[in-house]
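Each chain, letter by letter, is given below.
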2 protein chains.
Amino acid sequence: MDAAEFRRRGKEMVDYVADYLEKIEERPVYPDLEPGYLRDLIPTEAPCEPESFEDLMQDVERVIMPGITHWHSPNFFAYFPAASSYPAMLADMLCGAIGCIGFSWAASPACTELETVMLDWLGKMLQLPECFIAGTHGHGGGVIQSTASEATLMSLLAARCKAVRRVQAVESERSESDVLSKLVAYTSDQAHSSVERAALIGAVMMRKVPTDEHFAVREEMLKKMVEEDKAAGLIPFYFCATLGTTPSCAFDHITKLGPLCNKENMWMHIDAAYAGSAFICPEFRPLLNGIEYADSFNFNPHKWLLINFDCSTMWVKKRTDIIGHWQIPLGRRFRSLKMWFVFRLYGLKGLQAHIRKQVALAKEFESLVQADNRFEICAEVILGLVCFRLKGSNELNQNLLKRITKSREIHLVPCQLSGRFVLRFAICARTTESRHIQRAWRHITQLAFELLQDLH
Amino acid sequence: MDAAEFRRRGKEMVDYVADYLEKIEERPVYPDLEPGYLRDLIPTEAPCEPESFEDLMQDVERVIMPGITHWHSPNFFAYFPAASSYPAMLADMLCGAIGCIGFSWAASPACTELETVMLDWLGKMLQLPECFIAGTHGHGGGVIQSTASEATLMSLLAARCKAVRRVQAVESERSESDVLSKLVAYTSDQAHSSVERAALIGAVMMRKVPTDEHFAVREEMLKKMVEEDKAAGLIPFYFCATLGTTPSCAFDHITKLGPLCNKENMWMHIDAAYAGSAFICPEFRPLLNGIEYADSFNFNPHKWLLINFDCSTMWVKKRTDIIGHWQIPLGRRFRSLKMWFVFRLYGLKGLQAHIRKQVALAKEFESLVQADNRFEICAEVILGLVCFRLKGSNELNQNLLKRITKSREIHLVPCQLSGRFVLRFAICARTTESRHIQRAWRHITQLAFELLQDLH
């Protein structure tokens, strides 16, 4: 394909993309097929000769689209949002064309430099303490990771390295492997599975801290474990706090946990993968209070800040702690272009409006649930996630979810909260409006009605 | 920005991209600016109100383009190629629009399934042994990683886990941390820095195996180290072989190393990041002989197979070895679309033609160097990389490279081979033709002439 054909096909693709997103509501949000469906629809080997673009695009509709869970449908309420906006897509086109691999400054200076400045821009939007801003003379700063999993792993590795050095500075005869075998990390029992996985990769122990009735870690719980472990000869070195847990969007008490970590020489990493985007709104910024005690902080603009996946932003207080650990992959795309495009074409106000609208939609859904006494709300609704269930057994709620999934009009996923099977309703698509919330609720209550009827 | 404006701006962006790539030769391949240049060119904070697309695109030319190292310029001969093609860019547009996060089958079945089938297609193009193909009943199969660094880390973690289990199965009283402290991994002294880094992350020892006069690891060298280490009570568990090293594109002798690893119960991972793409040509496939002994194999289609970054493909013989270790990030883009578009729109023949053309260009450059007795070739030219230098001191060659870099007409990077400072000339851009090779050589010899003149 030469440039002339790309001009033609590229413009067709722009229209295909716009059509897809404009008419996405017409497609069932969740696919209706069995695992392994795709293999039979395409050849077993690549073609020897080139095929036509028309044939390929026909196959996109025939083979791919039936197997898509449409994350950007306004009827998609599963998981957490995956950000998507037209400015980010335009930036990605430019990023693909430049196609530099930014593994060093010389490999494309603009790629490294725009990233540093965009992380400063975003850090300022979040009112991060000055120590996290690179500026021209700062010791801190930010970097784009692919995912929060990577950011967590990087912070744990940096903390591990620092802890080994600290212990060996005092007890120079201790071997590294002896120190490693005594290190212990902590995180909430509500934390994402990737946190535990980081400890497995880093070959250190990790203990789960129990949470309170709001699914949050409190100072006294962590303190108790740390003291037990120290008494047993272990070396507490790392705590991963969560702001906005995956199951219920709960917030650990970092204003108290932070001083504890600082006192105990434990690295505090904050994972705010979903919730972090909301901190650009002054009314939600208090949720980040305590950030001043953290060594590193991460959230995913690719979840809720209109910047297409992948863009997980991570800040550290001391860049020297993490040099050599900035990231797993050496190569990197020019991802800060997406940030620049989105920030400039939406403006801070546009981004705040997006967050506020989605929180309001969650509140609207919460009110609908509260007004129906067959249902209950299962966790405080702070941002865009509503955890709810039918009053009754787990089985009842499992059956309700089965009917919802089978109907394919909306898409939800469940969670477990204190042993209870709970439905998660997350405001996801940029184009979700009040009418979608109202319709989703009518649909859920209709299915609940039928379910309860069938049981009687 | 709504869909209507995206249709307009998207088409403008398609033209911008096509213009950029068609006229890329007019831009200096390497930027002429000082670190920190960008910060002064843009505001210190994000705008509050939205800005116009026109202003943004003007700033792309004013702020970004002067800071780009143009990897797709036909005058770019640095590092290794970063793949780029129009079909891959079209697929990326579609990928951005679908915007699913494929962390499970249900999260978008097509995303998981197309990936498995595309890895089979590519595996067959490479004539991988049947045991690496998933098919409908296979025990092996492939997965897309972001980079070779990630693939190496994943293989090392899988090997570590397997080794600990194996030792503990026999000596159940040994603690995991004791076993970990005895594990030892091996790789070539020519291997990429990410291999050593994987061992650091995984908290295991890694030893560098010395290489022969062709910069390749031979069986006897690894065997000697393994025996020494076993005698010292260590547990050899992993060898990362390189096919096509970064400095000189050397090939470890895997037909002999493989049986040794199998016999010693060591996981053999093969890193063919750059060279792997060439194995789709029957004449280069013998370089992969010995793959049948490997536990895992990885290469980067995003280097040399016309699939834009990121797309690093990894195969394992036993999927059960690596489940839970498939990847660091949980979320993933729909990257197999790029493979599907490129394979179908180029066809196997088109891809082979691309490899063959670039190897021929490297041979052409090699001939030019050989015909000039002031210069010498420093490593056998097997694929698209030529390592050469002026006969004489390292300083002389450092000065030659400084002049090349300063001229900004072509871009090269150096390497060290047996203590010698060597210039690496890699055929990179898809659009590099014989005339660019000829001009590059005229340019190099002119600068060499001036340098030698200045010294007399």
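Rules used in this analysis
Residues numbered from 1 in each chain as written. Chains lettered and ligands numbered in written order. Predicted model: local features only at pLDDT ≥ 70, side-chain atom pairs only at ≥ 80, totals over all residues. Heavy atoms only, no water. UniProt positions renumbered as here; feature names shortened; annotations may be inferred. Pairing = 2+ DSSP bridges. Helix = DSSP H or I, 4+ residues; strand = E, 2+ residues; numbered from the N terminus. Axes fitted to C-alpha atoms, helices over the stretch in contact; angles between N-to-C directions. Contact = heavy atoms within 4.5 Å. Core = buried A, V, L, I, M, F, W, Y, C linked by side-chain atoms within 4.5 Å. Buried < 20%, exposed > 50% of the residue type's maximum accessible area, 1.4 Å probe, protein only. Salt bridge = Lys/Arg side-chain N within 4 Å of Asp/Glu carboxyl O. Buried area = accessible area lost by both parts, 1.4 Å probe. Polar contact = N/O pair within 3.5 Å; in protein donor to acceptor, adjacent residues only side chain to side chain. Nonpolar A, V, L, I, M, F, W, Y, C, P; charged D, E, K, R; others polar. 1 Å grid on protein atoms, 1.4 Å probe; cavity = no way out; pocket = protein on both sides within 12 Å on 5 of 7 lines; lining within 4 Å. Points joined across faces, edges and corners; volume = space filled by probe spheres on them. Parallel < 35°, antiparallel > 145°, perpendicular 65-115°, else oblique. Left-handed = near helix turned anticlockwise from the far one by under 90°. Least-squares fit on C-alpha atoms with pLDDT ≥ 70 in both.

As annotated in an unreviewed UniProt entry, chain A carries the name Aromatic-L-amino-acid decarboxylase and comes from Nothobranchius furzeri. Per UniProt, the comment on chain A under Pathway (unreviewed entry) is "Catecholamine biosynthesis; dopamine biosynthesis; dopamine from L-tyrosine: step 2/2." Under the Subunit (unreviewed entry) heading, UniProt states for chain A: "Homodimer."

Undergrad: It is not clear to me how the sheet that holds strand S1 (residues 141-145) of chain A should be interpreted in this structure. Could you clarify?
TA: Each strand in a sheet pairs with its neighbour through backbone hydrogen bonds, running either in the same direction (parallel) or in the opposite one (antiparallel). Residue and element names in this part refer to chain A. Strand order in the open sheet formed by seven strands is S1-S7-S6-S5-S4-S2-S3, with mixed pairing between adjacent strands. Strands with a single pairing partner mark the edges of an open sheet, and in this sheet they are S1 and strand S3 (205-209). Across the sheet, the axes of successive neighbouring strands diverge by a mean angle of 20 degrees, strand direction being ignored. Direction of pairing for strand S6 (residues 296-299) relative to strand S7 (residues 312-316): antiparallel, over a ladder of four bridges. Counterpart to Asn 298 in the pairing with S7 is Met 314. Each of S1, strand S2 (183-188), S3, strand S4 (235-242), strand S5 (267-271), S6 and S7 touches helix H5 (residues 148-170); the most contacted strand, S4, lies at about 160 degrees to it.

Undergrad: Just checking my understanding: could you explain the nonpolar core for this structure?
TA: Within soluble globular proteins, side chains that are nonpolar generally end up buried alongside one another. Trp 340 and Phe 343 of chain A together with Trp 340 of chain B are the most contacted members of the largest nonpolar core, which totals 246 residues. Leaving out residues up to four positions away in the same chain, Phe 343 of chain A has contacts with Met 118, Trp 121, Leu 122, Met 125, Leu 305, Ile 307, Leu 348 and Leu 351 of chain A together with Ala 46 and Pro 47 of chain B. Of all hydrophobic cores here, the second largest spans 62 residues; its members include Ala 151, Ala 158 and Val 167 of chain A together with Val 195 of chain B.

Undergrad: Explain the pattern of salt bridges to me, please; I cannot follow it from the model alone.
TA: When the charged atoms of two side chains with opposite charge come close together, those side chains can pair. On inspection of all chains with the given rule, the structure shows 76 salt bridges over all chains. Arg 374 of chain B is the partner of Asp 372 of chain B in a salt bridge, and the nearest nitrogen-oxygen pair spans 2.7 Å. Taking relative accessible area as the criterion, Arg 374 of chain B reaches 28% and is therefore assigned partly exposed. One connected set of salt bridges, linked through shared partners, spans Glu 5, Arg 8, Arg 9, Glu 12 and Glu 54 of chain A.

Undergrad: Please clarify how the interface of chain B and chain A should be interpreted in this entry.
TA: How big an interface is tends to be stated in terms of the accessible area lost upon association of its parts. Chain B puts 124 residues into the contact, and the matching count from chain A is 124 residues. Between chain B and chain A, a total of about 10800 Å² is buried, with carbon and sulfur atoms accounting for 67% of that surface. When the area that chain B buries against chain A is broken down by residue, the three leading residues are Phe 6, Arg 39 and Arg 344 of chain B, summing to 7%. At the boundary of chain B and chain A, one finds 16 salt bridges. In this structure, Glu 51 of chain A engages Arg 344 of chain B in a salt bridge whose closest nitrogen and oxygen atoms are separated by 2.9 Å. There are 50 residue pairs in polar contact (both at pLDDT 80 or more) connecting chain B and chain A. Listed by contribution, the elements that provide at least two residues to the side of chain B that touches chain A are helix H1 (3-22), helix H2 (53-64), helix H3 (86-98), helix H4 (109-125), helix H5 (148-170), helix H6 (176-182), helix H7 (193-201) and helix H12 (336-370) of chain B. When residues in the side of chain B that touches chain A are grouped by element, the largest group, 16 residues, is from H1 of chain B. Tallied by class, the residues present in the side of chain B that touches chain A amount to 73 nonpolar, 26 polar and 25 charged.

Undergrad: Could you clarify how one ought to interpret empty space enclosed by the protein in this entry?
TA: Unoccupied space between atoms shows up once a probe the size of one water molecule is rolled over them. The final tally for this structure, using the stated rule, is seven cavities of 30 Å³ or more. When its volume is computed, the largest cavity comes out at roughly 400 Å³. In terms of lining residues, the largest cavity is bounded by 29 residues, among which Asp 92 and Arg 333 of chain A together with Asp 92, Met 93 and Arg 333 of chain B are the most central. Contributions of two or more residues to the lining of the largest cavity are made by helix H1 (3-22) and helix H3 (86-98) of chain A together with H1 and H3 of chain B. Class assignment for the residues of the lining of the largest cavity results in 19 nonpolar, six polar and four charged.

Undergrad: Help me out: how do you make sense of the UniProt feature "modified residue: N6-(pyridoxal phosphate)lysine" (unreviewed entry) in chain A in this one?
TA: Residues and elements named next belong to chain A. According to UniProt, the feature "modified residue: N6-(pyridoxal phosphate)lysine" (unreviewed entry) maps to Lys 303 in the numbering used here. Mapped onto the elements of the fold, Lys 303 is located in helix H10 (residues 301-304). What Lys 303 contacts, discounting residues up to four positions off in sequence, is Phe 80, Pro 81, Ala 82, Ala 83, Ala 273 and Tyr 274.

Undergrad: How do you make sense of the packing of H3 of chain A against H3 of chain B when you look at a structure like this?
TA: Two measures define how a pair of helices packs: the angle their axes make with one another and the distance between the axes. Two elements in contact, H3 of chain A and H3 of chain B, have axes whose closest approach is 10 Å; the angle formed by their N-to-C orientations is 155 degrees. Compared by their axis directions, H3 of chain A and H3 of chain B come out roughly antiparallel. Two packed elements cross with a definite hand, and for H3 of chain A against H3 of chain B that hand is right-handed. Contacts from Met 89, Met 93, Gly 96 and Ala 97 of chain A in H3 of chain A reach Met 89, Met 93, Gly 96 and Ala 97 of chain B in H3 of chain B. Looking at the contact of H3 of chain A with H3 of chain B, its residues break down into six nonpolar, two polar and no charged.

Undergrad: It is not clear to me how the relation of the copies chain B and chain A should be interpreted in this structure. Could you clarify?
TA: With an axial shift of 0.0 Å and an RMSD of 0.0 Å, the rotation relating chain B to chain A amounts to 180 degrees. Expressed as an axis order, the relation between the two copies is that of a two-fold axis. Here 100% of the contact residues of chain B are again contact residues in chain A; the copies associate through an equivalent surface.

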